[in-house]
Amino acid sequence: MEHRPGSQKVMGSNSGSANYMVLSASQKTAVATLCSVAGALCGLENAAVLFLIASCRHLRRKPSYLFLGSLAGADLLASPVFVCSFLDFHVLNRVDSRETYLLKLGGVTLVFTGSVGSLLLTAGDRYLCLGHPARYKALLTPGRALAALAAMWLATAAVSFLPLVGWGCCGPSCSQLFPWVPGDFLLSWIVLLTGLLLAIVLAYAYILRLARRHAACLAGRRAQPGPGQARLRLDVQLAKTLGLVLAVLIGCWSPVLAFMAYSLFAPLDGPAKRAFAFCSILCLLNSMVNPMVYALRSGDLRTAARRRLAGWRRGPQEPDEARKTSATETEGGPGA
């Protein structure tokens, strides 16, 4: 109890930071329950997806699954980073120093922006695959996919921690929703995220149009099955899957972005700030839903999961049997 007066002193140094902590006792209980359940499910689901991709050499060599692995990694990190930071501030009302708070907020910004950036790269991958199928493998090699991921994460980190490294504020210039965060930085981030979402929407509008065209083509060629037709069917399925992921993304992020934009031009009262706190949990729910969407709809991931479960059920193999199984898989190749 002796720590609380000191905390109030720190809060007072941020021009009324206590106004950011607006949840009642019952609302804190609801928020803690939602975050705990969604965070646990989010972590388990994305960890399973990452494990399947990392343990399957065939998937690790595909740019599509490198990008999906980045998405799962960002969503996996979102679980502890967002939940700990959010509950610390809104439920426990723990007040950190400016540097510690902005470090935590930068981590949250990093993982969520990285998740959207991974979806943008995935949209670009699908655009090349369906729009330029003959040149796809030459245009997007695994090495180029990894380079694109590295550039995206470096750029995301540079943007996310700008308030920590010097883009500060004082008094009225600070955001109404986040202590020590300048309103102009929040506006810049809203514009950045909206631009990313718009680019993804435009890419998927073209991709899904191609998917419908290819689906019509498949309907006329059902009597002529072959490896090319199977690959096209998988590409169409993955495009539709990622379109569903995009719809979920926009549905979860629109309320948060709307609140952020509104706060830049009009004062927010207590009920509005409480509504924003609950809407923020939608971002975590988006990270929880993503693996459900693409893991359940991806034939490659379902096959990898079935093989892994079958291997666990069989238990450890004898050396001769293990060598025989390994030789069979090698002869079957990646497409087996």
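Thresholds, definitions, all that
- Residues numbered from 1 in each chain as written.
- Predicted model: local features only at pLDDT ≥ 70, side-chain atom pairs only at ≥ 80, totals over all residues.
- Heavy atoms only, no water.
- Core = buried A, V, L, I, M, F, W, Y, C linked by side-chain atoms within 4.5 Å.
- Buried < 20%, exposed > 50% of the residue type's maximum accessible area, 1.4 Å probe, protein only.
- Helix = DSSP H or I, 4+ residues; strand = E, 2+ residues; numbered from the N terminus.
- Patch = residues over 30% accessible without salt bridge, like charges linked within 9 Å, V, L, I, M, F, W, Y side chains within 5 Å.
- Areas by Shrake-Rupley, 256 points an atom, 1.4 Å probe, with all protein chains shown as cover.
- Salt bridge = Lys/Arg side-chain N within 4 Å of Asp/Glu carboxyl O.
- Axes fitted to C-alpha atoms, helices over the stretch in contact; angles between N-to-C directions.
- Parallel < 35°, antiparallel > 145°, perpendicular 65-115°, else oblique.
- Left-handed = near helix turned anticlockwise from the far one by under 90°.
- Contact = heavy atoms within 4.5 Å.
- Nonpolar A, V, L, I, M, F, W, Y, C, P; charged D, E, K, R; others polar.
- pLDDT = per-residue confidence, 0-100.

Undergrad: Help me understand the nonpolar core, please; the structure alone is not making it clear to me.
TA: Nonpolar side chains tend to gather and get buried jointly when the protein is soluble and globular. With 69 residues, the main nonpolar core has Val 31, Cys 35, Phe 82, Phe 86, Phe 178, Trp 253 and Met 260 as its most contacted residues. Among the elements of the structure, α2 (25-55), α4 (63-90), α5 (98-131), α9 (183-219), α10 (227-263), α11 (270-297) and α12 (299-314) are those that each provide at least two residues to this core. Looking at this core element by element, the count peaks at 12 residues for α9. The next biggest cluster of nonpolar side chains, apart from the first, holds 10 residues, and it includes Tyr 136, Leu 140, Leu 149 and Met 152.

Undergrad: What should I look at first to understand a nonpolar patch on the surface in this one?
TA: Among the surface-exposed residues, Leu 198, Val 201, Leu 202 and Ile 250 lie close enough to one another that they form a single nonpolar patch of about 330 Å² accessible area. The greatest single-element share of the nonpolar patch, amounting to 3 residues, is contributed by α9.

Undergrad: Honestly, the packing of α4 against helix α7 (residues 142-160) in this entry has me stumped. Any pointers?
TA: Geometry of a packed helix pair, given as the angle between the helix axes and the separation of the axes. Across the interface, α4 lies against α7 with an axial gap of 9 Å and an inter-helix angle of 25 degrees. Here α4 lies roughly parallel to α7, going by the angle between them. For the pair α4 and α7, the sense of crossing is right-handed. Across the interface between the two elements, Pro 63, Leu 66, Phe 67, Ser 70 and Ala 74 from α4 touch Pro 142, Ala 145, Leu 146, Leu 149, Met 152 and Trp 153 from α7. Of the residues contributing to the contact of α4 with α7, the split by class is 10 nonpolar, 1 polar and no charged.

Undergrad: Hey, could you run me through the confidence of the model for the chain in this one?
TA: For any part of a model where pLDDT is low, the fine detail of the predicted coordinates should not be relied upon. Averaged over every residue, the pLDDT of the chain is 81; residues scoring 70 or more account for 79%. Low pLDDT, under 50, characterises residues 318-336; the stretch is placed with 4 contacts to residues that sit more than four places away or in other chains.

Undergrad: Just to check I follow, could you spell out the pattern of salt bridges for this structure?
TA: A pair can form between side chains of opposite charge whenever their charged atoms are brought close. Taken as a whole and judged by the stated rule, the model has 6 salt bridges. A salt bridge links Asp 300 to Lys 62; the nearest nitrogen and oxygen atoms lie 3.0 Å apart. Taken together, the positions of Asp 300 in helix α12 and Lys 62 in the loop between α3 (57-60) and α4 put the pair 238 residues apart, joining distant regions of the chain. Accessibility expressed as a relative area gives 25% for Lys 62, which makes it partly exposed. Between Arg 126 and Asp 125 there is a salt bridge, and its shortest N-O distance comes to 2.9 Å. In the salt-bridge network here, residues are joined through shared partners; they are Asp 88, Arg 94, Asp 96 and Lys 104.

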